[in-house]
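An overview of the molecular structure
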Amino acid sequence: MRSAVWSPVVVVLMACAMGHAQEVSLQYRLKAAYLLNFTKFIEWPPDSASGRFTMCVAGRNPFGEILTATLRGETVGQRPIDVRVIVTPERECDAVFVPKDVAPTPFLRTARGAPALTVGEAPGFSTQGGIINFVLQEGTVRFQINPREAERAGLRVSSHLLRLAQISDR
């Protein structure tokens, strides 16, 4: 009898949780695919091409398992990709995604001078020193690239990727 009473409650709670998870998944599924594709169109310096490629997510992880699932089995060059959530900035990250609710300054400061791709989603991220910033325009996810910051990091951005981006030159 007890399980008969709890079963409908559990089903409703699971449905609510799944609906919330799907909402997050839909919001970040495209960004996860973009992150993978950014790595295919950016060239890292040859001396940074050893070991595993580390994709870091700063602070909280808005992707859930989507980013890990998207990057599973993928490589950057010959380097397998690992995904890590970091609370404090780390120099070992080859790419860092900074969610909109995380202060970007410490992560950008740590990445400065290192061959690290910095990607964010907060207004003005690319003008604060980030390389790529996601922007939402008329309900569509677009991105800005700051080529000057990419060059400063020693990264070479493909002209194909630059053609798809809005250029931020500050």
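Scroll up a little and you will see the structure.
Residues numbered from 1 in each chain as written. Predicted model: local features only at pLDDT ≥ 70, side-chain atom pairs only at ≥ 80, totals over all residues. Heavy atoms only, no water.

Things to note about the overall build of the chain
When helices and strands are tallied, the chain shows five helices and 10 strands. Residue burial in the chain is summarised as follows: out of 170 residues, 41% are buried. With an accessible surface of roughly 9,700 Å², the chain has 57% of that area assigned to carbon and sulfur atoms. (Helix = DSSP H or I, 4+ residues; strand = E, 2+ residues; numbered from the N terminus. Buried < 20%, exposed > 50% of the residue type's maximum accessible area, 1.4 Å probe, protein only. Areas by Shrake-Rupley, 256 points an atom, 1.4 Å probe, with all protein chains shown as cover.)

Re the pattern of salt bridges
The tally for this structure, following the rule as stated, stands at nine salt bridges. With a shortest N-O distance of 2.4 Å, Glu 90 and Arg 84 are connected by a salt bridge. You can call Glu 90 partly exposed: its relative accessible area is 24%. Residue class for Arg 84 comes out partly exposed when judged on its relative accessible area of 32%. (Salt bridge = Lys/Arg side-chain N within 4 Å of Asp/Glu carboxyl O.)

Here's the deal with the state of the cysteines
Taken as a whole and assessed by the stated rule, the structure comprises one disulfide. Disulfide partner of Cys 56: Cys 93, at an S-S distance of 2.0 Å. The sign of the S-S torsion, about -90 degrees, decides the handedness of the disulfide formed by Cys 56 and Cys 93: left-handed. Separated by 37 residues along the polypeptide, Cys 56 in strand β2 (residues 53-58) and Cys 93 in the loop between β4 (79-86) and β5 (95-98) bring together distant segments of the chain. Among the residues examined, Cys 93 registers a relative accessible area of 5% and is labelled buried. (Disulfide = S-S within 2.5 Å.)

A look at the sheet that holds β5
Picture the strands of a sheet paired through backbone hydrogen bonds; they go either parallel or antiparallel. Pairing within the open sheet is mixed, and its eight strands lie in the order β3-β4-β2-β5-β6-β7-β8-β10. Since the sheet does not close on itself, it has two edges, and those belong to β3 (75-76) and β10 (166-167), each with one partner. Two elements, strand β7 (residues 132-137) and strand β8 (residues 140-145), share six bridges in a ladder whose sense is antiparallel. Residue pairing in the sheet places Leu 136 in a bridge with Val 141 of β8. (Pairing = 2+ DSSP bridges.)

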